[in-house]
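Spelled out, the chains give:
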Amino acid sequence: MADDDILAELTERFGAGDKPLAPEVVTELRSIMRLFELSVDDMFFKWDAYCIKMDADSLTTSLETLRAFKQDLQDSLERSTRTQVHVKTEKRVGATPRTASKNSGDVFGMLDGLTTPAAGRAAKAASARRRQLETPSVSRVKAEPASSPLKLEDRLESLGAIPPSSFHDRQNPGEVIEILNDKLPAPEPPMAPYPESRIKLTAASDQKKLGYKTLAMKLSEASEILDDRIDEFARLVQDHHKLDDSVFGSAARQGTTEIVAVGRIASDSPEGKLNAASLVLETSRSTGNAFRVPLDLKKLKGYQFFPGQIVALRGSNTSGREFSATELLEIPLLPNAASDAAALEAHRDRLRGGPDAMDSDSDPSPLVVLYASGPYSADDNLDFEPLHTLCSRAADTYADALVLCGPFIDAEHPLIASGDFDLPDEFSQDPDTSTMATVFRAFISPALNRLASANPSITILLVPSVRDVVNKHVSWPQDAFPRSKDLGLPKQARIVGNPMTLSINEAVLGISSQDVLMDLRQEELVGGRPLTPDLLARVCRHLIEQRHYFPLFPPTDRARLPRTGTAAGIPPGAVLDVSYLKLGEMVHVRPDVLVLPSALPPFAKVIESVLVINPGYLSKRRGAGTYAKMALYPPEVPQEGVLQAHKVFERARVEITRI
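Presented here is a report on the structure given in the accompanying data block. (Residues numbered from 1 in each chain as written. Predicted model: local features only at pLDDT ≥ 70, side-chain atom pairs only at ≥ 80, totals over all residues. Heavy atoms only, no water.)

Focus: the pattern of salt bridges
- Scanning the entire structure with this criterion turns up 22 salt bridges.
- The residue Glu175 makes a salt bridge to Arg658 at a minimum N-O spacing of 2.9 Å. Placement of Glu175 in the loop between helix H7 (152-158) and strand E1 (176-180) and of Arg658 in strand E24 (residues 652-658) is noted, with a sequence separation of 483 residues between them.
- Here Glu175 falls in the partly exposed class, since its relative accessible area comes to 33%.
- A salt bridge links Asp379 to Arg621; its shortest N-O distance comes to 2.8 Å. Of this pair, Asp379 sits in the loop between strand E10 (367-373) and helix H11 (385-396) while Arg621 sits in the loop between strand E20 (619-620) and strand E21 (623-624), and the two are 242 residues apart along the sequence. The two residues Asp379 and Arg621 agree in class, both being buried.
- The structure contains a network of salt bridges with shared partners spanning Arg229, Glu232, Lys582 and Glu585. (Salt bridge = Lys/Arg side-chain N within 4 Å of Asp/Glu carboxyl O. Helix = DSSP H or I, 4+ residues; strand = E, 2+ residues; numbered from the N terminus. Buried < 20%, exposed > 50% of the residue type's maximum accessible area, 1.4 Å probe, protein only.)

Brief notes about empty space enclosed by the protein
- Taken as a whole, this structure holds 3 cavities of 30 Å³ or more when the rule is applied.
- The volume enclosed by the largest cavity comes to roughly 110 Å³.
- Forming the boundary of the largest cavity are 13 residues, of which Glu188, Pro189, Pro190, Val368 and Thr397 lie nearest the centre.
- A breakdown of the residues in the lining of the largest cavity according to their chemical character gives 7 nonpolar, 2 polar and 4 charged.
- When its volume is computed, the second largest cavity comes out at roughly 50 Å³.
- Taken together, Leu367, Val369, Tyr371, Ile504, Ala507, Val508, Leu509, Val593, Met630 and Leu632 make up the full set of residues lining the second largest cavity.
- Listed by contribution, the elements that provide at least two residues to the lining of the second largest cavity are E10, strand E15 (507-511) and strand E22 (626-632).
- When the residues that make up the lining of the second largest cavity are grouped by side-chain class, the tally is 10 nonpolar, no polar and no charged. (1 Å grid on protein atoms, 1.4 Å probe; cavity = no way out; pocket = protein on both sides within 12 Å on 5 of 7 lines; lining within 4 Å. Points joined across faces, edges and corners; volume = space filled by probe spheres on them. Nonpolar A, V, L, I, M, F, W, Y, C, P; charged D, E, K, R; others polar.)

Observations regarding the sheet that holds E1
- Strand order in the open sheet made by the 7 strands is E1-E24-E22-E10-E11-E12-E13, with mixed pairing throughout. Single-partner strands in this sheet number two, and they are E1 and strand E13 (493-495). Going from strand to strand, the sheet's axes swing by 20° on average, the running direction of each strand aside.
- As paired elements, strand E11 (residues 401-405) and strand E12 (residues 459-463) share 5 bridges and run parallel to each other. Its bridge partner being in E12, Val403 is matched across the sheet by Leu461. (Pairing = 2+ DSSP bridges. Axes fitted to C-alpha atoms, helices over the stretch in contact; angles between N-to-C directions.)

Here's the deal with helix H13 (residues 436-443)
- Most of H13 sits inside the fold, with 6 of its 8 residues counted as buried.
- Buried residues of H13: Ala437, Thr438, Val439, Phe440, Ala442 and Phe443, and no others.
- Buried residues along H13 sit in contact with H11, helix H14 (445-454) and E12. (Contact = heavy atoms within 4.5 Å.)

What to know about the sheet that holds strand E5 (residues 292-296)
- One closed barrel accounts for 5 strands, arranged E3-E4-E5-E8-E7; its pairing is mixed. Put simply, the sheet's adjacent strands are angled 55° from each other on average, direction ignored.
- Of the strands in this sheet, strand E3 (255-267), strand E4 (279-282), strand E7 (310-317) and strand E8 (323-329) are in contact with helix H8 (residues 219-241), which crosses E3 at around 135°.

Things to note about the packing of H11 against H14
- Between H11 and H14, the least distance of the axes is 9 Å, while the angle of their chain directions is 10°. Classified by the angle between their axes, H11 and H14 sit roughly parallel to one another. Counted together, Leu387, His388, Cys391, Ala394 and Ala395 of H11 and Ala447, Leu448, Arg450, Leu451 and Ala454 of H14 form the full contact between these two elements. (Parallel < 35°, antiparallel > 145°, perpendicular 65-115°, else oblique.)

Some thoughts on the packing of helix H1 (residues 3-14) against helix H2 (residues 23-36)
- Following both chains from N to C, one finds H1 and H2 inclined at 105°, their axes separated by 11 Å at the closest point. When the interaxial angle is binned, H1 and H2 end up roughly perpendicular. Note on element contacts: H2 touches H1 through Val26, Leu29, Arg30 and Met33, opposite Asp3, Ile6, Leu7, Leu10 and Phe14.

Side note on unusual backbone geometry
- Cis geometry marks the peptide bond from Asn498 to Pro499; its omega dihedral reads 10°.
- Mapped onto the secondary structure, Pro499 falls in the loop between E13 and strand E14 (500-504).
- Residue Pro554 follows Phe553 across a cis peptide bond; omega there is -5°.
- Within the chain, Leu215 stands out as a residue other than glycine whose phi angle is a positive 55°.
- Inspection of the secondary structure puts Leu215 in the loop between strand E2 (201-203) and H8.
- You will see that Lys647, though not glycine, has its phi angle at about 50°, which is positive.
- Counting through the fold element by element, Lys647 comes out in the loop between strand E23 (644-645) and helix H17 (648-651).
- For Lys647, a relative accessible area of 43% puts it in the partly exposed group.

Okay, structure coming up:
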C-alpha cells in the first residue's frame, strides 16, 4: 500500500472529524504498525479494545496515549510468549492443567494459561520464578480445600472476565460531562411529587406487528423487502427533484446517455471492510434486474457510504463495466413533527397540573426525562448498584419519566451466562422453580418499585434488547417481553418494542436499543470532502436520511464488535430478521428526540432538527457509566388553525452525567 493511501486510512480511522493527524502521531502509528506487523485495520481494532480496557470516554489519539498503547501491546506480546513457553514445558513433563492465569496475552484476559507442579529441584526453581509473575499463586490454591467453592474473583477469572471493581470507588460521580443548550436554566426539582402524571403517551408504531414468529425467515420475503426499499426511494427521489420517468435507468446497462440510478450500496466481497475498490451499486429487479455494477466515484467531491445505504447517483456506464457517477442526489428527509394550537395548549395545561391549576398564568415547569441504557451492572457482580443509584436520583428530583433500554438481565454478563450466581438473601424462592422472570423480579424490579413508591406520578418505559434473557423474542425488530406477574413491575412501568416511535406529550420520541452507531462507524466508507465531517453527527445523519433505525445491511460481523465477558467473548450482534425490516422504519415524521444507546462516547447533538441522544451505558464492564437528563420546556402556542413545528431541539436542555 502506498504511503499516501496509508496516511489517508490512518486519518480516517484515528482522526477527529476534518482535523488532520499531527505528524508525531502519524510517526508513532507507523512505528506501531512496523514493530508489531499490523495493518491499519488490525491496529485500529486493537486500539478500540485498548480504549475499552482502559475505560476511556473518548477515542482521541495523542502521542502519550499511543505510547501507552504501544507499551500495552509489548507487554501483552511478552506475556503471550511466556505462556507459550510455559505450555511447551508442561507438555514435556506431562503436567496436569490448572485454571486460567490472569496475566494472559489477551487484552481482556481471555486466553487460558496453564500451570504445572514442579518436577525436581530445577522445575521447582523455575516454578518459583514464574509464580512471582503470575496470579493466583500456587500456595494460595494449595491452601484451599479441593472441594471448596471458588471465590467470586476466581469464578470471574475462569470465565475470562476483567478484574473486579467497586462501584463506590468510582471517580467523579454526578459530574456533568456535556450540556446541550446550556443557555436554558437547569430545572429546580419540585417540593413534592406531582399529584398525577404530567405525561400523555401515544404510540406511533404498531406494536402488535412486532409479535411476528421469529426464526422463520424466507429468502423470497427477505429479497422482496430489500427490493421494495430501493423502488420506494426511487419514487421519493423522483418526487423531490421533480424528475421525469425517462431520466431514470439501470446503472448496469451500457450507454452514453446520462441517467439517474437508484440502488443499494454493497461490497463485491463478503469479507472485509467496504472500500473504494470493492464498492458496487445493487439495483432492484424492476430497474436493473437486481444486477450489481462497480462504481467509479472519482468525479464526486466527497461521499460517505455504508453497506445497505440507498443512494441516487447521476452518471453513465459507457464501458459496460462500471458506472461513473458525476453527482450524488439528495435524499429527501421526512417532515418535521408539528401540532396545532389546541393540542399544544392541552399539553401546557397537563404540565401545569390541569386547567384548574392555581398558577395558570405562569409558564409550567419543564418536563424532566431521564434516559439510560443497560448493562446495569459490572462484570464482577450482580448488585445492579448503578440502576439503584439512578432510580434514587429519579425519586429525589421527582422526574416525570424514566426511559430504560435493555439489556436488563444481560445474556453476555459472565455470571448470567454461566448460571453461577445466587438470588439475593431476602428473596425467598426455590432455585429449582426459578425462571429468568424470577431473576428479573429479584434484581431489577425492587429498584423500580422503590422509585414508584417515592414518586407515584412517574412514567417508566422499558425498551428490550436482543441480549435480554427475559425476552423470548430474539430477533430485531423486537417485540416487547410480556408483562407478567412474575416480573413484579409497578403499575407505572410500561414495556414497549424495539425500536419504538411514540409521543411524550407533543414530543415525538424514537428509540432503539440496538447499537447501530457502533456498527455504522465500523462499516462506513468516507472519501474526498464529506458533507458532514464530524463522525458522530455523520453516523446519526445516516439514520435520519435513510428513515430507518437500522439501515445497515448486512450488519457488522460479530467478531469485529467489542468483546463481552463471556467465555466466547463474541456478542450476538444485530440479529436482524430481514423479512420484517420495514418495522424498523421511522413513522411518518422525523422524531423530535432520537435516543440511540451506543458503546461510542455519550453525546447530545442536533442533526437536521432532530435532538439525538446517546446516553452511553449506565454500567461498563468494569466501572460506572453515564446517563442523560433532558429538561423540556413548554412549547409556545400558535394562532388558531396554524400548525407549529415542535422545535424540541431549541427548548430542551440535555445533560450527560456520570452515574
